[in-house]
Amino acid sequence: MAPQGIAEAALSGLRDELAGEAIAPGDAGYGEARAVFNSMIERRPAVIVQCQSQADVARAIRFGRENDLEIAVRGGGHSVAGMALSDGGIVIDLRRMHEVSVDPASRAARVGGGATMSHLDRAAQPFDLATTGGRVSTTGVGGFTLGGGSGWLERKFGLACDNLIAVELVTADGSVVHASEDENPDLFWALHGGGGNFGVATSITLQLHGLAEFSMMLLLFPPALGAETTRAYRDFIDSAPDEVGGGVIYLTGPPEDFVPEDMVGKLACAVLVTYAGPEQAARKVAAPLLGLGHRAELIAQLPYADLQCMLDDPPGLRNYWSAEYLETFPDEAVGAFCARADDMIVPSASQHVLFPLGGALARGPSQYPVPWRASPWVVHPFGLWDDAEDDERGKQWVRDVRADVKPWSTGAVYLNFIGNEGGDRVVAGFGTGNYERLTEVKRRYDPDNVFHLNHNIKPE
Ligand code: FAD
């Protein structure tokens, strides 16, 4: 059955030309094809093109434009605002394009536009190589990297976008464009944070780094010790080496063997230390944290790719998140951060997160439109719950966290950590001066704003 607005003949012509598939309402698999990570998003595209090749992507763009369909581009489907879907439009679904090839000699990975972190991490792990990835394995490499890309390894290897070597894009007119330091350098610059504004990335080449040994420590504290623990963590990070990543995360005590029964299902304050090195060295570095009186611990040396999927959240939950980047994190800010943990929905998959920045991330290239890289801390309320009745409560908690830490905020925004929060936040996501330059690049590659289901850079 052809969806309303698309003639049967046009749809069948599209199907004939695709190596992949076009799925319309009523077709088998339509429900699965339109589901994204955030179950609050309820949109019904007129057609979902599951692209198999770069030619499919170009065909889908042309089809969308010829039929006046709003175009969405889907990678991992993790955008909290559901930007991977258009209501009544066309979705260019890249998930079948997930191939990864690793060249151990040059330490580079060429990644398909629809690959997830898991595809990348698992392909690089056998060579003891890795690069900064998202903190779960199911996030799309495309949306993550082009938006900046923050992860456990950023203090050691910089942001994901700092590791971009080249991007191959299909642009709004269906042509293929290469971007690197040497080819279309302005576009390459814009792809460091500018997201999907300039075209569909069908392949992304990333720098990898040697990572033969990797360790983690998860220490659980009762929430009554939260403020004291967070202050100690802050002081620890001040002089921690670049190998250290992690954060303070208030969460619901998980039903795992290492968690005492009385902490399961209850609010807990977790300190996570990731360490780009062996366990013995991690223990030595993190000694000040190990003496704070935690009640549960999980300490292990493990392949980085295994840690990456340890904290995977289940899809299908209701999502609402935001973030504030902080200039300083004095005791008063610690108090504000910790006090608001009491309002989290517990039990739930929500996380009340404090991540440290610094290290290679702070020292990284300052010319890119990533104004938040200079902040030392980010507070990231990450609300995930399952009952629609909790929607207002969950959203209010996120807003309250932001308001509480606002006095220390730099005002810079990491757009991958927020939903639709208005045009001012988008400009703050790039930095005012950068935004002007981004609009010039946008005008060159997408003057009609075909790709606008994103944190949009308007061409005019
Ligand atoms: P999608 O919803 O598919 O896409 C997001 C945006 O990117 C859309 O506008 C889409 O059109 C565009 N896009 C995607 N792929 C391409 C492509 N190949 N070419 C052009 N445009 C494209 N972020 C972090 O930085 N660090 C984290 O640790 C982190 N953890 C997360 C954990 C969870 C559980 C979730 C749900 C998200 C997390 N994020 C994290 C946020 C994540 O980086 C963003 O939501 C990102 O935009 C997701 O990309 P995606 O491809 O999965 O999503």
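As a starting point, this report considers the structure included with it. (Residues numbered from 1 in each chain as written. Predicted model: local features only at pLDDT ≥ 70, side-chain atom pairs only at ≥ 80, totals over all residues. Heavy atoms only, no water.)

Pairing between side chains becomes possible if they bear opposite charge and their charged atoms approach one another. If you walk through the whole model with that rule in mind, you get 31 salt bridges. Arg110 is paired through a salt bridge with Glu168; the nearest N and O atoms lie 3.7 Å apart. Of this pair, Arg110 sits in strand β6 (residues 108-112) while Glu168 sits in strand β8 (residues 164-170), placing them 58 residues apart in sequence. Judged by relative accessible area, Glu168 falls into the buried class, the value being 13%. One salt-bridge network, in which partners are shared between bridges, spans Glu324, Arg402, Lys406, Glu421 and Arg425. (Salt bridge = Lys/Arg side-chain N within 4 Å of Asp/Glu carboxyl O. Helix = DSSP H or I, 4+ residues; strand = E, 2+ residues; numbered from the N terminus. Buried < 20%, exposed > 50% of the residue type's maximum accessible area, 1.4 Å probe, protein only.)

The next thing to look at is the sheet that holds strand β4 (residues 90-93). Taken in spatial order, the four strands line up as β1-β2-β4-β3 in an open sheet, and their pairing is mixed. Two strands close off the open sheet at either side, each with one partner strand: β1 (21-23) and β3 (71-74). When the angles between neighbouring strand axes are averaged without regard to direction, this sheet yields 20 degrees. Bridging between β1 and strand β2 (residues 47-50) involves three bridges; their strand directions are antiparallel. Each residue of the ladder has a partner; that of Ile23, found in β2, is Ile48. (Pairing = 2+ DSSP bridges. Axes fitted to C-alpha atoms, helices over the stretch in contact; angles between N-to-C directions.)

Another aspect to go through is empty space enclosed by the protein. Any empty space left between the atoms is revealed when a probe the size of a water molecule rolls over them. The final tally for this structure, using the stated rule, is two cavities of 30 Å³ or more. Empty space within the largest cavity amounts to approximately 40 Å³. Every residue lining the largest cavity is listed: Arg135, Gly151, Trp152, Glu154, Arg155, Val244, Gly245, Gly246 and Pro356. If you list the elements that add at least two residues to the lining of the largest cavity, you get α6 (154-157) and β13 (244-252). Considering each element in turn, the lining of the largest cavity owes the most residues, three residues, to β13. Class assignment of the residues belonging to the lining of the largest cavity gives a composition of three nonpolar, three polar and three charged. Three or more residues apiece are contributed to the lining of the largest cavity by two domains, here domain 2 (100-210) and domain 3 (215-417). Gly147, Gly193, Pro369, Val370, Trp372, Val413, Tyr414, Leu415, Gly429 and Phe430 are the residues that line the second largest cavity. (1 Å grid on protein atoms, 1.4 Å probe; cavity = no way out; pocket = protein on both sides within 12 Å on 5 of 7 lines; lining within 4 Å. Points joined across faces, edges and corners; volume = space filled by probe spheres on them. Nonpolar A, V, L, I, M, F, W, Y, C, P; charged D, E, K, R; others polar. Domains from an automatic or database assignment.)

The next point concerns the site of the ligand. In the vicinity of the ligand there are 34 residues, among which Val73, Gly75, Gly77, Ser150 and Tyr414 approach most closely. One nitrogen or oxygen atom from the main chain of Arg135 is found 2.9 Å from an oxygen atom belonging to the ligand. A distance of 2.8 Å separates an oxygen atom of the ligand from a polar backbone atom of Gly140. Protein chains bury 95% of the 950 Å² of accessible surface belonging to the ligand in isolation. Elements with a minimum of two residues in the shell around the ligand: β3, α5 (141-146) and β10 (200-207). Residue classes in the shell around the ligand are distributed as 14 nonpolar, 17 polar and three charged. (Near = heavy atom within 4 Å. Polar contact = N/O pair within 3.5 Å; in protein donor to acceptor, adjacent residues only side chain to side chain. Areas by Shrake-Rupley, 256 points an atom, 1.4 Å probe, with all protein chains shown as cover.)

Counting 74 residues, the largest nonpolar core has Leu187 and Phe198 as the members making the most contacts within it. Each of domain 2 (100-210) and domain 3 (215-417) accounts for three or more of the residues forming this core. What Phe198 contacts, discounting residues up to four positions off in sequence, is Leu169, Thr171, Leu187, Ala190, Leu191, Leu438, Val441, Lys442, Tyr445, Phe451 and Ile457. Grouped together as the second largest cluster of nonpolar side chains are 36 residues, Ile237, Val248, Phe329 and Trp397 included. (Core = buried A, V, L, I, M, F, W, Y, C linked by side-chain atoms within 4.5 Å. Contact = heavy atoms within 4.5 Å.)

Counted by the stated rule, this structure contains twelve aromatic pairs. Ring centres of Tyr233 and Phe236 lie 6.2 Å apart, and the angle between their planes is 45 degrees; on these two criteria the pair is classed as tilted. A residue pair is termed a helical-turn pair when its members lie 3 or 4 positions apart in one helix, as Tyr233 and Phe236 do in helix α8 (residues 226-238) at three residues. Both residues of the pair, Tyr233 and Phe236, belong to the buried class. Members of the aromatic cluster, each reached through a chain of ring pairs, are Tyr233, Phe236, Tyr250, Phe329, Phe337 and Trp377. The ring of Trp152 carries the charged tip of Arg135 above its face, separated from the ring centre by 5.1 Å. Here Arg135 stacks its cationic end above the ring of Phe355, 3.7 Å away from the centre of that ring. (Phe/Tyr/Trp six-rings, centres within 6.5 Å; stacked < 30°, edge-to-face > 60°. Lys NZ or Arg CZ within 6 Å of the ring centre and 35° of its normal.)

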